Amino acid sequence: MKILIVEDDLEAAAYLSKAFREAGIVLDHASDGESGLFLATENSYDVLVIDRMLPRRDGLSLISELRQRNIHTPVLILSALGQVDDRVTGLRAGGDDYLPKPYAFSELLARVEVLGRRKGTPEQDMVYRVGDLELDRLSHTVKRAGREILLQPREFRLLEYLMKNAGQVVTRTMLLENVWDYHFDPQTNVIDVHVSRLRSKIEKDFDQPLLRTVRGAGYMMKDEAAG
(Lines give C-alpha, C1' and ligand atoms only; values in the text may rest on other atoms or scores of the structure.)
Protein backbone atom coordinates (compact mmCIF):
# COMPACT_ATOMS: atom_id res chain seq x y z
CA MET A 1 0.00 0.00 0.00
CA LYS A 2 1.17 3.53 -0.81
CA ILE A 3 -0.21 6.57 1.00
CA LEU A 4 0.27 10.33 1.03
CA ILE A 5 0.45 12.21 4.34
CA VAL A 6 -0.27 15.94 4.19
CA GLU A 7 0.78 17.31 7.59
CA ASP A 8 2.46 20.62 8.41
CA ASP A 9 3.61 19.55 11.89
CA LEU A 10 7.02 18.15 10.93
CA GLU A 11 7.50 16.33 14.22
CA ALA A 12 4.14 14.59 13.89
CA ALA A 13 4.84 13.83 10.22
CA ALA A 14 8.20 12.27 11.09
CA TYR A 15 6.57 10.08 13.74
CA LEU A 16 3.81 8.96 11.37
CA SER A 17 6.25 8.30 8.54
CA LYS A 18 8.38 6.07 10.77
CA ALA A 19 5.38 4.21 12.19
CA PHE A 20 3.75 3.61 8.79
CA ARG A 21 7.01 2.39 7.28
CA GLU A 22 7.47 -0.02 10.17
CA ALA A 23 3.99 -1.32 9.30
CA GLY A 24 5.17 -1.96 5.74
CA ILE A 25 3.41 0.99 4.12
CA VAL A 26 5.15 3.13 1.47
CA LEU A 27 4.46 6.84 1.77
CA ASP A 28 5.14 10.36 0.57
CA HIS A 29 4.86 13.48 2.72
CA ALA A 30 3.74 17.02 1.90
CA SER A 31 3.93 19.83 4.45
CA ASP A 32 1.29 22.16 2.97
CA GLY A 33 -1.92 22.02 0.99
CA GLU A 34 -0.53 23.11 -2.37
CA SER A 35 2.28 20.54 -2.24
CA GLY A 36 -0.26 17.92 -1.22
CA LEU A 37 -2.50 18.84 -4.16
CA PHE A 38 0.44 18.52 -6.56
CA LEU A 39 1.51 15.11 -5.24
CA ALA A 40 -2.05 13.74 -5.07
CA THR A 41 -2.68 14.89 -8.65
CA GLU A 42 0.60 13.66 -10.13
CA ASN A 43 0.87 10.30 -8.34
CA SER A 44 -1.32 7.33 -7.55
CA TYR A 45 -2.02 6.53 -3.90
CA ASP A 46 -4.23 4.02 -2.11
CA VAL A 47 -5.13 6.44 0.71
CA LEU A 48 -4.59 10.14 1.48
CA VAL A 49 -4.13 11.18 5.12
CA ILE A 50 -4.80 14.92 5.27
CA ASP A 51 -4.57 17.28 8.23
CA ARG A 52 -7.45 19.75 8.27
CA MET A 53 -5.45 22.87 9.21
CA LEU A 54 -2.71 23.40 6.60
CA PRO A 55 -0.74 26.38 5.28
CA ARG A 56 -1.18 27.61 1.67
CA ARG A 57 -4.39 25.58 1.21
CA ASP A 58 -6.47 24.11 4.04
CA GLY A 59 -7.33 20.44 4.13
CA LEU A 60 -11.01 20.74 3.22
CA SER A 61 -10.21 22.96 0.24
CA LEU A 62 -7.61 20.42 -0.86
CA ILE A 63 -10.09 17.55 -0.67
CA SER A 64 -12.79 19.50 -2.51
CA GLU A 65 -10.35 20.36 -5.30
CA LEU A 66 -9.31 16.71 -5.65
CA ARG A 67 -12.94 15.62 -5.95
CA GLN A 68 -13.59 18.32 -8.55
CA ARG A 69 -10.65 16.95 -10.52
CA ASN A 70 -12.29 13.52 -10.42
CA ILE A 71 -9.66 12.07 -8.08
CA HIS A 72 -11.54 9.64 -5.84
CA THR A 73 -8.71 8.28 -3.71
CA PRO A 74 -10.06 7.56 -0.19
CA VAL A 75 -9.25 10.37 2.27
CA LEU A 76 -8.83 10.21 6.03
CA ILE A 77 -8.95 13.61 7.72
CA LEU A 78 -6.89 14.30 10.85
CA SER A 79 -8.01 17.25 12.96
CA ALA A 80 -7.91 18.76 16.41
CA LEU A 81 -11.52 19.80 15.68
CA GLY A 82 -13.50 16.81 16.87
CA GLN A 83 -17.06 18.00 17.40
CA VAL A 84 -19.88 16.33 15.47
CA ASP A 85 -20.38 19.39 13.24
CA ASP A 86 -16.65 19.45 12.44
CA ARG A 87 -16.70 15.78 11.44
CA VAL A 88 -19.84 16.25 9.33
CA THR A 89 -18.25 19.24 7.54
CA GLY A 90 -15.15 17.20 6.77
CA LEU A 91 -17.10 14.24 5.42
CA ARG A 92 -19.32 16.47 3.29
CA ALA A 93 -16.23 18.13 1.81
CA GLY A 94 -15.33 14.75 0.34
CA GLY A 95 -13.55 12.96 3.18
CA ASP A 96 -14.18 9.26 3.70
CA ASP A 97 -13.19 9.09 7.36
CA TYR A 98 -12.39 11.57 10.13
CA LEU A 99 -10.09 10.96 13.11
CA PRO A 100 -9.90 13.62 15.85
CA LYS A 101 -6.62 14.35 17.60
CA PRO A 102 -5.17 13.02 19.81
CA TYR A 103 -5.42 9.48 18.47
CA ALA A 104 -3.68 6.14 18.90
CA PHE A 105 -1.53 5.16 15.92
CA SER A 106 -3.00 1.65 16.03
CA GLU A 107 -6.44 3.13 15.30
CA LEU A 108 -5.10 5.35 12.53
CA LEU A 109 -3.36 2.37 10.94
CA ALA A 110 -6.52 0.26 11.13
CA ARG A 111 -8.60 3.00 9.51
CA VAL A 112 -6.05 3.50 6.73
CA GLU A 113 -6.02 -0.24 6.04
CA VAL A 114 -9.83 -0.27 5.80
CA LEU A 115 -9.83 2.67 3.38
CA GLY A 116 -7.10 0.99 1.34
CA ARG A 117 -9.28 -2.07 0.88
CA ARG A 118 -12.20 0.14 -0.14
CA LYS A 119 -10.36 1.85 -3.00
CA GLY A 120 -12.12 1.33 -6.30
CA THR A 121 -12.46 2.95 -9.68
CA PRO A 122 -14.41 6.22 -9.98
CA GLU A 123 -17.12 4.29 -11.80
CA GLN A 124 -17.51 1.92 -8.87
CA ASP A 125 -17.64 4.84 -6.47
CA MET A 126 -20.24 6.68 -8.51
CA VAL A 127 -22.61 3.83 -9.40
CA TYR A 128 -24.54 1.74 -6.88
CA ARG A 129 -26.22 -1.52 -7.90
CA VAL A 130 -28.63 -3.81 -6.07
CA GLY A 131 -29.93 -6.59 -8.26
CA ASP A 132 -31.13 -5.02 -11.51
CA LEU A 133 -31.50 -1.58 -9.89
CA GLU A 134 -28.78 0.94 -10.72
CA LEU A 135 -28.22 4.44 -9.32
CA ASP A 136 -25.71 6.75 -11.01
CA ARG A 137 -24.59 9.46 -8.59
CA LEU A 138 -22.93 11.51 -11.32
CA SER A 139 -25.82 11.76 -13.77
CA HIS A 140 -28.47 11.51 -11.01
CA THR A 141 -30.30 8.77 -12.87
CA VAL A 142 -31.94 5.59 -11.63
CA LYS A 143 -32.68 2.58 -13.81
CA ARG A 144 -34.15 -0.82 -13.17
CA ALA A 145 -33.69 -3.52 -15.77
CA GLY A 146 -32.63 -0.74 -18.12
CA ARG A 147 -35.81 1.28 -17.60
CA GLU A 148 -35.34 4.80 -16.23
CA ILE A 149 -37.17 5.67 -13.01
CA LEU A 150 -37.85 9.33 -12.25
CA LEU A 151 -37.35 10.36 -8.62
CA GLN A 152 -37.74 13.59 -6.70
CA PRO A 153 -34.50 14.96 -5.14
CA ARG A 154 -35.34 13.69 -1.64
CA GLU A 155 -36.32 10.29 -3.00
CA PHE A 156 -32.99 10.13 -4.83
CA ARG A 157 -31.06 10.94 -1.63
CA LEU A 158 -33.06 8.33 0.25
CA LEU A 159 -32.41 5.63 -2.34
CA GLU A 160 -28.74 6.62 -2.60
CA TYR A 161 -28.25 6.18 1.15
CA LEU A 162 -30.14 2.88 1.23
CA MET A 163 -28.14 1.48 -1.71
CA LYS A 164 -24.86 2.70 -0.24
CA ASN A 165 -25.69 0.59 2.80
CA ALA A 166 -27.21 -2.34 0.90
CA GLY A 167 -27.42 -5.53 2.92
CA GLN A 168 -27.43 -3.62 6.21
CA VAL A 169 -30.31 -2.41 8.35
CA VAL A 170 -30.68 1.37 8.07
CA THR A 171 -32.43 2.84 11.09
CA ARG A 172 -34.84 5.76 11.15
CA THR A 173 -32.25 7.80 13.06
CA MET A 174 -29.67 7.16 10.35
CA LEU A 175 -32.12 8.32 7.69
CA LEU A 176 -33.12 11.43 9.62
CA GLU A 177 -29.48 12.46 10.08
CA ASN A 178 -28.13 11.53 6.64
CA VAL A 179 -31.08 12.19 4.31
CA TRP A 180 -33.02 14.92 6.10
CA ASP A 181 -30.14 16.47 8.10
CA TYR A 182 -32.25 16.27 11.25
CA HIS A 183 -30.48 15.59 14.53
CA PHE A 184 -33.75 15.07 16.35
CA ASP A 185 -36.91 13.07 15.72
CA PRO A 186 -39.57 15.44 14.28
CA GLN A 187 -42.25 12.94 15.41
CA THR A 188 -43.81 12.78 11.95
CA ASN A 189 -44.30 10.00 9.43
CA VAL A 190 -42.07 11.74 6.86
CA ILE A 191 -39.81 8.70 6.50
CA ASP A 192 -42.70 6.25 6.09
CA VAL A 193 -44.29 8.44 3.42
CA HIS A 194 -41.08 8.77 1.40
CA VAL A 195 -40.17 5.09 1.73
CA SER A 196 -43.66 4.15 0.55
CA ARG A 197 -43.38 6.45 -2.49
CA LEU A 198 -39.90 5.20 -3.29
CA ARG A 199 -40.90 1.57 -2.97
CA SER A 200 -43.82 2.06 -5.34
CA LYS A 201 -41.53 3.63 -7.95
CA ILE A 202 -38.69 1.09 -7.85
CA GLU A 203 -40.83 -2.03 -7.40
CA LYS A 204 -43.96 -1.33 -9.46
CA ASP A 205 -44.21 -3.76 -12.40
CA PHE A 206 -41.24 -5.78 -11.09
CA ASP A 207 -41.53 -9.22 -9.51
CA GLN A 208 -38.52 -9.01 -7.21
CA PRO A 209 -38.82 -6.68 -4.17
CA LEU A 210 -35.59 -4.92 -3.18
CA LEU A 211 -36.59 -2.57 -0.36
CA ARG A 212 -37.89 -4.31 2.72
CA THR A 213 -39.01 -3.13 6.13
CA VAL A 214 -37.22 -4.70 9.09
CA ARG A 215 -39.86 -4.58 11.79
CA GLY A 216 -38.78 -2.61 14.83
CA ALA A 217 -35.40 -1.76 13.30
CA GLY A 218 -35.60 0.12 10.00
CA TYR A 219 -35.16 -0.68 6.32
CA MET A 220 -32.85 -2.71 4.13
CA MET A 221 -32.00 -2.77 0.43
CA LYS A 222 -31.19 -6.32 -0.61
CA ASP A 223 -31.44 -8.50 -3.67
CA GLU A 224 -33.12 -11.54 -2.13
CA ALA A 225 -32.64 -13.46 -5.36
CA ALA A 226 -28.88 -13.26 -4.89
CA GLY A 227 -29.18 -15.03 -1.53
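Source: prediction; values computed, not measured.

**Details of the packing of aromatic side chains**
- Applying the stated rule across the entire model yields two aromatic pairs.
- With 6.4 Å between their ring centres and 80° between their planes, tyrosine 15 and phenylalanine 105 make a pair best called edge-to-face. Of this pair, tyrosine 15 sits in helix α1 (residues 10-22) while phenylalanine 105 sits in helix α5 (residues 105-118), and the two are 90 residues apart along the sequence.
- Note on phenylalanine 105: relative accessible area 15%, which makes it buried.
- Aromatic pair phenylalanine 20 and phenylalanine 105: ring centres 5.0 Å apart, planes at 70°, arrangement edge-to-face. Separated by 85 residues along the polypeptide, phenylalanine 20 in helix α1 and phenylalanine 105 in helix α5 bring together distant segments of the chain.
- Phenylalanine 20 gets classed as buried once you look at its relative accessible area, which sits at 0%.
- By way of ring pairs, the aromatic residues Tyr15, Phe20 and Phe105 are connected into one cluster.

**Some thoughts on the domain arrangement of the protein**
- Its domain assignment divides the protein into domain 1 (2-120) and domain 2 (127-226).
- Taking only C-alpha atoms, the centre of domain 1 and the centre of domain 2 are 31 Å apart.

**A few points about the packing of α1 against α5**
- α5 packs onto α1 with a crossing angle of 60° between their chain directions and a minimal axis gap of 11 Å. The interaxial crossing formed by α1 with α5 has right-handed handedness. From α1, Tyr15, Leu16, Ala19 and Phe20 reach across to α5, where they touch Phe105, Leu108, Leu109 and Val112.
- Along the lines of polarity and charge, the residues of the contact of α1 with α5 split into eight nonpolar, no polar and no charged.

**With respect to the pattern of salt bridges**
- Within the structure shown, the criterion is met by 16 salt bridges.
- Linking aspartate 97 and arginine 111 is a salt bridge whose minimum nitrogen-to-oxygen distance equals 2.8 Å. With a gap of 14 residues between them, aspartate 97 in strand β5 (residues 97-100) and arginine 111 in helix α5 connect regions that are remote in the sequence.
- Owing to a relative accessible area of 17%, aspartate 97 belongs among the buried residues under this scheme.
- Judged by relative accessible area, arginine 111 falls into the partly exposed class, the value being 24%.
- When salt bridges that share partners are traced, they join Glu7, Asp51 and Lys101 into one network.

**As for the sheet that holds strand β4 (residues 75-79)**
- Pairing in this open sheet of five strands is parallel, and the strands run β2-β1-β3-β4-β5 from one edge to the other. On the outer flanks of this sheet lie β2 (26-30) and β5, each paired with one strand and no other. With strand direction ignored, the average angle separating the axes of adjacent strands in the sheet is 20°.
- Of the strand pairs in this sheet, β4 and β5 are connected by four bridges, and their pairing is parallel.

**A word on the nonpolar core**
- Core analysis: the largest hydrophobic core is formed by 26 residues, its most contacted members being Leu133, Leu159, Leu162, Leu175 and Met221.
- Within the residue set of this core, elements represented by two or more residues are β6 (127-130), β7 (133-136), α7 (153-164), α8 (172-178), α9 (190-203) and β12 (218-221).
- Element by element, the count of residues in this core is highest for α7, at six residues.
- By size, the runner-up hydrophobic cluster in this structure holds 19 residues, among which are Leu4, Ala30, Ile50 and Ala93.

Conventions adopted
- Residues numbered from 1 in each chain as written.
- Predicted model: local features only at pLDDT ≥ 70, side-chain atom pairs only at ≥ 80, totals over all residues.
- Heavy atoms only, no water.
- Phe/Tyr/Trp six-rings, centres within 6.5 Å; stacked < 30°, edge-to-face > 60°.
- Helix = DSSP H or I, 4+ residues; strand = E, 2+ residues; numbered from the N terminus.
- Buried < 20%, exposed > 50% of the residue type's maximum accessible area, 1.4 Å probe, protein only.
- Domains from an automatic or database assignment.
- Axes fitted to C-alpha atoms, helices over the stretch in contact; angles between N-to-C directions.
- Left-handed = near helix turned anticlockwise from the far one by under 90°.
- Contact = heavy atoms within 4.5 Å.
- Nonpolar A, V, L, I, M, F, W, Y, C, P; charged D, E, K, R; others polar.
- Salt bridge = Lys/Arg side-chain N within 4 Å of Asp/Glu carboxyl O.
- Pairing = 2+ DSSP bridges.
- Core = buried A, V, L, I, M, F, W, Y, C linked by side-chain atoms within 4.5 Å.

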